Amino acid sequence: MSSVDTTAEVHDEHHDDDHHDHGEFIAHHFDTPEQQYDSGKLGIWVFLVTEVLFFSGLFCAYVLLRYHQPEVFVAASEHLDKVLGGINTIVLLFSSLTMAWAVRAAQLGQNRFASRLILITMVCAAVFLGVKAVEYSHKWDLNIYVASHYNYIEGYHPDAPSEGLAGALGVSQSLINLCVLPAILLVGFLVAGVIYRVRESQAMSALYLAMAVMMGGFFLGAVGGQIYQNAAESAAAHGGDHGHDAAAGEHAEEAAVTGPDTTSKYPPPIGMFFSIYYIMTGLHAFHVIGGMVALSWLYYRCTRNHFRPDYYGPVDFVGLYWHLVDLIWIYLFPLLYLIN
Amino acid sequence: MNEHEHAHDSHGDHGDLPRYNHPVSVKLLLTVFFCLVGLTILTVVVNGFGLGQLDIWAALLIASVKAAIVCLFFMHMFWEKGFNIIAFISSLFFVTLFIGLTLMDTRAYRDSQDKFPLDKRPEPTVVRDANS
Amino acid sequence: MSTTPQAAKLFGNAIGEKGNYLNASRGIKSWLLTLDHKRIGIMYLIGVTVALLLAGVFALVLRSELFTGTKMFLTEAQYNQMFTLHGAIMVFAFIIPSVPAALGNFVLPMMLGAKDVAFPRLNLCSFYLWLFGTGFLLVAMLTNGLDTGWTFYTPYSIKTTSAVMYATMGAFILGFSSIFTGLNFLVTINTMRPPTMTWFKMPLFLWSLYATSIIQILATPVLGITLLLLFAERALHIGIFDPAYGGDPVLFQHFFWFYSHPAVYIMILPAMGIISELMSVHAHKKIFGYAFIAFSSVAIALLGFLVWGHHLFASGQSTLLSLIFSAITFSVAIPSAVKVFNWLATLYKGSISLVTPMCYALSFIFLFGIGGLTGLFLGTLSVDIHLHDTYFVVAHFHFVMVGGTLTALLGGLFHWWPKMFGRMYNDFMGRVSCFLVFAGFNLTFFPQFVMGARGMPRRYARYDPEFQIFHQVSTIGAFVLGIGVVVAFAVLVYAIYRGPKVGGNPWGAASLEWQSSSPPDYHNFTHKVVMNDPYDYSVMVYDEDLDTYIHREFTVPEKPARTEPEPTTT
Ligand SMILES: [Cu+2]
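Treat the numbers as computed from the prediction; the structure is a model and nothing was measured.

(A) Broad picture of the coordination of the copper ion. All names here are of chain C. Only H261 (ND1), H310 (NE2) and H311 (NE2) from the protein coordinate the copper ion, and they sit 1.7 to 2.0 Å from it. For the copper ion, the donor residues sit on a single chain with the sequence spacing H-x48-H-H. Residue H261 is found in helix α9 (residues 249–282), and its partner H310 is found in the loop between α10 (290–303) and α11 (319–347); the two are separated by 49 residues along the sequence. You'll find H261 and H310 in the same group, each marked buried.

Next comes the structure, spelled out in structure tokens:
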């Protein structure tokens, strides 16, 4: 018969951020830092399990559509830009690298270095969303929406906008609409950062300025994506006649091979592909946004020098989450973009 | 905190870290990253070959390799406790079960679904621009 | 036999410097912002009880409407809304969180000898998610109502004008509440067991909560995505479940039941865990077949993922798949029966005290037995074609959900009530409530088996005269059952205020939570917990001074060497 001491040390539940004694971040109900770390680690892995199953429903819908109506995918593929998708893949992979590196820095107690790596990760996340905004807005311009609103006509090209900000910048109105909220956030974070600097609250100021930089990343992605998009379109319009013909010929061939009526009596529900596309990428983007919030929190804690070799759990756990977001994209990219 | 950082950096073997703390070397992280970039380019290139039916399998295979190395090194699974690995991997088993059985079933009744009368399909709800 | 002062502190009413968890701090804020698992458990208990009473009133309204078979006070549309809300609130807001989140929250860390669950903030967050989710269901009820049935089947749920979006949002949020509870418990059991408590020295209630957590973690996210897709379907018409756009309405059923069949085990497994405790403690005998009961919990949890198709036998599911699902459904009977036989074997030659919790536990075995066996009828392909969507189904799942889970919940409440509040209830009145629940329940649902087998369809507001006698008996039974439940809660609540005080361990139970004072200290235990086999009752001996059972280690045999003035413990 043995006994366990359950009344070890009793710490106050609300830890005070300003002193740095050893047991500072050990919650009162854990006996050792290791127990706390192990609990958090298992918790985040289990959370990732729930995330995988959460996305599994979408993958299920995807598999069924792809299995039963492969012709939908062929028709939809012309609207998906492999280059933008590929760039976004690289951006996310790079953010995973900086995240993993930030974990290493936190493990070694290098808070300052970790905060810089986390900032890079945050910016990458925003760049990703900026590129995504260009992709979305381009589809919306072509009337490519979810199944019930899908209304794309072969060969349709929207007129260049002539009025307002959109006209001045030569970009579509839907992209401008998507940029409104990030712009407000960018300005808001900047203002908040300056105010806190004036008030001499360094950590808060650093946090808000970092978040402003992050939102800058969104515009970096959006501008870069749009420049590529414009270039690709003009290439298609000028020298791209050949390519276009080839594509059209390929389509005709495809139609001749499968025949319109062999698998289904009805035109393929191409809109269904985009329903799945929007839900999958939208939900993924939502997870990216969640990751940005969590990363901002980590950034703040790094600037407060919270992490030590025996306490770096939060960086590790957010890192695992971030890698999962990356993992999901690793599958989404070939499934949604690489279709022939 | 600065002297702390230097103190840790000077130890190559990290001998004074708690036993649950295994930092991954920068070299390994960079290697993994470049492998991932390489595989991404590879998957785009392979996609260009036009392998037909094999396309999707090739793409999935490459994606799985990428996912595996992200899991192993970025997510520290290589050094992870067995229980956590089993917990995470088991999710894949349940996903397979879910998708597999559902796919098996929808195959059986798909024909009847295609009989849904076309004239009852609603028109798209977006009003098209006048210029199109 | 006398006690050491330490024992008095351990098992009596003496408590640490902060006081017990009920009086450690005061004010509504100290409850709403608490991170203490015991208080969160109590808040959950209040919440789920309100949900139970609300949905119970709906049930009584439904049964009253069915008394004559013609219109009394509900139109057909109102009837549809009523049974939908009854089902949705009962399932999502009551049964799923009832045992794990209310009782489990209170008991689980204490059974581990721990101070709290692994993530106390997440625990509180999960409670508030429950509150918001239930709030959304109520908003749905108060705006346009909901008439899809709790299953939200497409394509009707896409078309109806009732408040499907609020309801799906509510169920979605409740799903996350459930996931977080499961995650918390799983991690707590994994990492916070005391070093000497190996997996096979855990109380069986923890095994069942562990198995439940596995289901919550693996299945509930699929419900989340299902409801999110349904929400998107309503908001944007994405078409995945809508045949009008080339979607597949049966796919929704696959999605839904991939969660909802395992969810049935989220409801029943914790109840089985309670019964394992009750049987052993109140028969004062070591549980029979510990390992079998433990593994059967896990087996039920895992098999539960392989049978969802038995809800689709009549939906055009492929024959091969129906066959597979039917066969696996039968196999779930094996671990369930393993449990029942082990409980019965535990009773054999035990010294059974027929206190209220034991009465409920015995009711459970009878009712769950019938509920489980009729499940086999429904799992049989050909029989199911006849019984599908009849009152037979209704009776079957009520035998499991109400006869099983609700009975076990009440039994568990009567068992742990003295621990939670330090007061004993009136045992006679407790047994009266048990009798009313048992009799009322059988009166309500037994006739439903008969009329279901004769073809009375479920979810109909009107019926042919030949079914009237069954419906009338059922309605009378429902009111008896309702009175029984109210009496049970009345007995319990009365005890909080007027019941006699009890010591730490009135039953002589051996699991760790009984080594704390009653009500437990703010930090659960003021002293070292003595590790022992949770089913070895010989270690607990009755102490006259304290009027409660204490651990043998703390008794001073015979020689009254140090009989200091004992703390009086009523
Ligand atoms: Cu079922």
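Picking up where we left off.
(B) Here's a closer look at unusual backbone geometry. Residue and element names in this part refer to chain C. The omega torsion across T154 and P155 is 0 degrees, close enough to zero to call that bond cis. With respect to the helices and strands, P155 occurs in the loop between α5 (120–142) and α6 (156–159). Look at the link from S518 to P519: it is a cis peptide, with omega at -10 degrees. Positive phi, normally seen in glycine, also occurs at F152, with a value near 55 degrees. In this fold, F152 is placed in the loop between α5 and α6. Assessed through its relative accessible area of 0%, F152 is described here as buried.

(C) Looking closely at a nonpolar patch on the surface. All names here are of chain B. Taken together, I41, V45, F49, L51, L54 and W57 make up a surface patch of nonpolar side chains, about 650 Å² in accessible area. At the level of secondary structure, the elements contributing two or more residues to the nonpolar patch comprise α2 (26–48) and α3 (54–74). Tracing the sequence through the fold places V45 in helix α2.

(D) Representation of the interface of chain A and chain B within the structure. Listed as interface residues are 70 residues of chain A and, on the opposing side, 70 residues of chain B. Counting each side, the surface lost to burial between chain A and chain B is near 6400 Å², with a carbon and sulfur contribution of 67%. Counting the contacts that link chain A with chain B gives 3 salt bridges. Our count for the chain A to chain B interface comes out at 14 residue pairs in polar contact (both at pLDDT 80 or more). Contributions of two or more residues to the side of chain A that touches chain B are made by α1 (33–68), α3 (82–107), α4 (111–141) and α10 (313–337) of chain A. Broken down by element, the side of chain A that touches chain B gets its largest block of residues, 20 residues, from α1(A). Partitioning the side of chain A that touches chain B into residue classes produces 39 nonpolar, 19 polar and 12 charged.

(E) Region of interest: helix α6 (residues 173–198) of chain A. Residues and elements named next belong to chain A. Relative to the 38 Å expected for 26 residues at 1.5 Å per residue, α6 spans 37 Å between its end C-alpha atoms, a close match to the ideal helical length. The largest bend along α6 reaches roughly 35 degrees and is located at V180, with the proline P182 sitting one to four residues downstream. S174, L175, I176, C179, P182, F189, A192 and G193 are the residues of α6 that are buried. For α6, the secondary structure elements touched by its buried residues are α4, α5 (164–169) and α7 (202–237). At the exit of α6 stands E200, carrying a positive phi of roughly 60 degrees.

(F) Representation of the interface of chain C and chain A. At the junction of the two partners, chain C supplies 54 residues and chain A supplies 42 residues. A buried area of about 3800 Å², summed over both sides, lies between chain C and chain A, and 72% of it is on carbon and sulfur atoms. One can count 0 salt bridges joining chain C with chain A. Linking chain C with chain A are 6 residue pairs in polar contact (both at pLDDT 80 or more), by the criterion used here.

(G) Molecular detail of the confidence of the model for chain C. Per-chain confidence: chain C averages 89 in pLDDT, with 94% of residues scoring 70 or above. The ipTM for the predicted assembly is 0.91, set against a pTM of 0.89.

Calculation rules
- Position labels on residues start from 1 in each chain and follow its written sequence.
- By the order in which they are written, chains take letters starting at A while ligands take numbers starting at 1.
- Only residues with pLDDT of at least 70 get local features here, since the model is predicted, and only at 80 or more are side-chain atom pairs given and counted; chain-wide, interface and lining totals rely on the full set of residues.
- Side-chain metrics in this entry use all non-hydrogen atoms of the structure; hydrogen atoms and water are not considered.
- Coordination partners: N, O, S within 2.8 Å of the metal, 3.2 Å for Na, K and Ca; water not considered, so apparent gaps in a site are possible.
- Helix and strand assignments follow DSSP, with helices taken as H or I runs no shorter than four residues and strands as E runs no shorter than two, numbered in order from the N terminus.
- Burial status follows relative accessibility: with a 1.4 Å probe on protein chains alone, a residue under 20% of its type maximum counts as buried, one over 50% as exposed, and anything between as partly exposed.
- Residues enter patches when they are more than 30% accessible in relative terms and free of salt bridges; like-charged ones are connected within 9 Å and nonpolar ones (Val, Leu, Ile, Met, Phe, Trp, Tyr) within 5 Å.
- Each accessible area is a Shrake-Rupley result for a 1.4 Å probe, and residues are judged covered by the shown protein chains and nothing else.
- The rule for a salt bridge is simple: a side-chain nitrogen of Lys or Arg has to be within 4 Å of a carboxyl oxygen of Asp or Glu.
- Whether two residues are in contact is decided by their heavy atoms, any of which lying within 4.5 Å being enough.
- By convention, the term buried area covers the 1.4 Å-probe accessible surface removed from two parts as they join, with the contributions of both added.
- Pairs of N or O atoms are called polar contacts if they sit within 3.5 Å, as long as, within protein, a hydrogen donor faces a hydrogen acceptor (for residues adjacent in sequence, only side-chain-to-side-chain pairs).
- For this classification, Asp, Glu, Lys and Arg are treated as charged, while Ala, Val, Leu, Ile, Met, Phe, Trp, Tyr, Cys and Pro are nonpolar and the rest, including Gly, are polar.
- By definition here, a helix of n residues has an expected span of 1.5 Å times n minus one.
- The angle between axes fitted to the seven residues ending at a residue and the seven residues starting there is what we call the bend at that residue.
- Every residue carries a pLDDT, the predictor's confidence in it, which falls somewhere between 0 and 100.

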